[in-house]
Amino acid sequence: MNNLKLSIIVPVYNMEKYIRQCVESIMRQKTKDMEVILINDGSTDFSGELCDKYADNCADKYADQHGQIRVIHQENKGLLESRKRGVEAAEAEYVTFVDSDDWIEEGLFKKFIQAAETMEDIDLVVSGLTCDKGRFSFRKCGSLLPGTYHVTEDHIPERMLYDWTAGEMGIAGNACGKLFRRDLLAAVIRGVGQGIVHGEDYAWFFSYVPLVRKMVVTDCFLYHYRIHEKSMSTSFDMESFTQLLALKNYLDKQVKERRIGDKNQAGVNQLVWGGLMHALREVYGLSVGYIFPYELVKAGSRVVIYGAGVVGRCYYNCLKSGSYAEVAALADKSWSCMTDTAYEVCPPEHILEIPYDAVIIAVEPEELYRNIKDELRELGVEEGKIIWEKPRIIRT
C-alpha cells in the first residue's frame, strides 16, 4: 500500500549552478513519507547527471528521512509540460513544486502537512515567498491574511487574480510555495494547452482554485525564490504577444464557464496588461508607466506617496527625476514585505511623524482609493490633504 504523503516536483533545465542547494534543502526537511521527482527537461549542461547522482546516493545519505528521489529525463518541452509530467508521476496524496534554482528553509513541508490536516476538505495551502536578489531579500505575498478560508463562501476566486479592495492579487499565481491535493491538481493541469507559455502557472492555478473546498493561508516565508538572469521562465520576444493572447483567451474562457464575475474579467485584463508592459519594454524598448498628477499639487510641496506598487513607484520616479516637488515619504501598509533596496517604504503611521503638504494615493481602482482614504482619515491624516485621480499612462 502506498503511504506517501508528499510528492515534491522539481522541474530542471540547465541549472547545474543551483541544483545542489535546491535538492539538499529539500532533503534536509526531515519530512517522512515523501518523494522527490526531478524532471530533467532536456538540459544541455550537467544538470541531468547531477539529478541521477542525487537519486543514486539518496538511499545512503538520506535514509533517516524515508524519502526517495526519482529522475525523469525528457526532451525539452518547457516548464508547463515538466509540471504536468511530474504531477502525472506523483504518487503521494499531496503535491508541491520547488523550482530548481530556488531553495527552502527547514520546516516548510511540515507546516504544509500540518495545515492540510487541521480539518477536512482542505485542498490548498499557501505560503509567502522570500525573494532573493543578489545580497538582498524581500517578501512577497497576496492580500489574503493568514487563516482558513471556505473558498466559495469567502469569494476567493473573485479575489485571486486581482483583489480590487487591496490593489494586488489575493493569492500570488505562482506554483511554488503552495501545497495541492494531487488528484484535484492532476484533473486541472492536464487541460492547459501547450500554447500557453507566459503565465502558464496562472492558467492552471486559476482553474484549480474554484474547485477547492477550503484553503489555508500560512504566515511563513520559508520558500526562497531566486531572482537572476537565467531561469526556466521565458524572456519576452516577438512571439510573446501571441502567447499573452493565448493566456487571455484561456482565462476569459475560464471566467465565462465558471461564471465568476466581471471583477475577475477585469483581473484577467490587469494580469495581461502587466505582461504587455514588460513585453513592450523588452521587445521595443518602450517604457510604459504612470505620470505623476502635477496639476493637483503645488510646486515645491512636500508629498507623501501612499502605495508602493507600480503606480506609486512611477510617481516616485517622476518626482525624483525633477525638482517640482519633494518626496517626503513612500508609504504602504504592506511596507514590511517591501524591502527592495531601490525604494525605502515606510508604514502609514510614519506619515503623522513628518511634515507634509499632500498625500497622493497611488492606486488605480477607485474602490481601493476610497478604502485607503477612510483608513488614512482614521489614522489622523488630514482629509483635505488626501489626493487621488485615476492614474494616467505615459509612454516614452
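Residues numbered from 1 in each chain as written. Predicted model: local features only at pLDDT ≥ 70, side-chain atom pairs only at ≥ 80, totals over all residues. Heavy atoms only, no water.

Some points on the overall build of the chain
No. 1: When its secondary structure is counted, the chain shows eleven helices and 19 strands.
No. 2: With the C-alpha coordinates aligned to their principal axes, the bounding extent of the chain is approximately 70 × 45 × 45 Å.
No. 3: In the chain, buried positions account for 52% of the 396 residues.
No. 4: Pairs at least 24 residues apart make up 79% of the contacts formed inside the chain by residues separated by at least 6 positions.
No. 5: When the accessible surface of the chain is split by element, carbon and sulfur atoms take 49% of a total near 18800 Å².
No. 6: Positive and negative charge centroids in the chain, built from 47 and 59 side chains respectively, lie 1 Å apart. (Helix = DSSP H or I, 4+ residues; strand = E, 2+ residues; numbered from the N terminus. Buried < 20%, exposed > 50% of the residue type's maximum accessible area, 1.4 Å probe, protein only. Contact = heavy atoms within 4.5 Å. Areas by Shrake-Rupley, 256 points an atom, 1.4 Å probe, with all protein chains shown as cover. Lys, Arg positive; Asp, Glu negative; His and termini not counted. Charge placed at Lys NZ, Arg CZ, Asp CG, Glu CD.)

Focus: the sheet that holds strand S12 (residues 223-226)
No. 1: The four strands are arranged S5-S12-S7-S8 in an open sheet whose pairing can be described as mixed. Pairing within the sheet leaves two strands with one partner each, and these edge strands are strand S5 (103-104) and strand S8 (136-140). (Pairing = 2+ DSSP bridges.)

Quick look at the pattern of salt bridges
No. 1: For the coordinates displayed, the defined rule picks out 21 salt bridges.
No. 2: Lys-5 is paired through a salt bridge with Glu-93; the nearest N and O atoms lie 3.4 Å apart. One end of the pair, Lys-5, is in the segment before strand S1 (6-12); the other, Glu-93, is in the loop between helix H3 (79-89) and strand S4 (94-97), and 88 residues separate them in sequence.
No. 3: Of the residues examined, Lys-5 reaches a relative accessible area of 24% and is grouped as partly exposed.
No. 4: The class of Glu-93 is partly exposed, set by a relative accessible area of 34%. (Salt bridge = Lys/Arg side-chain N within 4 Å of Asp/Glu carboxyl O.)

Describing the pairing of strand S2 (residues 34-41)
A regular strand places its side chains on the two faces of the sheet in alternate fashion.
No. 1: Burial analysis of S2 places eight of its eight residues in the buried class, the great majority of the element.
No. 2: What you see with S2 is no split at all: Met-34, Val-36, Leu-38 and Asn-40 on one side and Glu-35, Ile-37, Ile-39 and Asp-41 on the other are buried throughout.
No. 3: Where S1 meets S2, seven bridges bridge the pair, whose relative direction is parallel. For Leu-6, the partnering residue across the bridge sits in S2 and is Met-34.
No. 4: Note on the crossover from S1 through helix H1 (residues 19-27) to S2: the handedness is right-handed.
No. 5: Note: S2 against strand S3 (residues 68-74), seven bridges, orientation parallel. Looking at S3, one finds that Val-36 is bridged to Ile-69. (Right-handed = clockwise from strand over helix to strand, strands pointing away.)

Concerning the state of the cysteines
No. 1: Taken as a whole, this structure holds zero disulfides when the rule is applied.
No. 2: You can see Cys-220 has no disulfide; the closest cysteine sulfur is in Cys-141, sitting 11 Å from it.
No. 3: Classification of Cys-220 by relative accessible area gives buried; the value is 6%. (Disulfide = S-S within 2.5 Å.)

Considerations on the environment of Gln-265
No. 1: Structurally, Gln-265 is set in helix H9 (residues 262-284).
No. 2: Separated by 237 residues in the primary sequence, Gln-265 and Arg-28 have C-alpha atoms spaced 42 Å apart.

Topic: H3
No. 1: Most of H3 sits out of view: nine of its eleven residues are buried.
No. 2: All buried positions along H3 are accounted for by Leu-79, Leu-80, Glu-81, Ser-82, Arg-83, Lys-84, Gly-86, Val-87 and Ala-89.
No. 3: Where H3 is buried, its residues contact S1, S2, S3, S4, helix H6 (182-189) and helix H7 (200-208).

What to know about the environment of Val-87
No. 1: Looking at the element boundaries, Val-87 is found in helix H3.
No. 2: Taking relative accessible area as the criterion, Val-87 reaches 3% and is therefore assigned buried.
No. 3: Between the C-alpha atom of Val-87 and that of Asp-183, which follows or precedes it by 96 residues, the distance is 9.0 Å.
No. 4: In contact with Val-87, other than residues within four places in its own chain, are Ile-9, Phe-97, Arg-182, Leu-185, Ala-186 and Ile-189.

Such coordinate-based values are descriptive only and should not be taken to indicate function.
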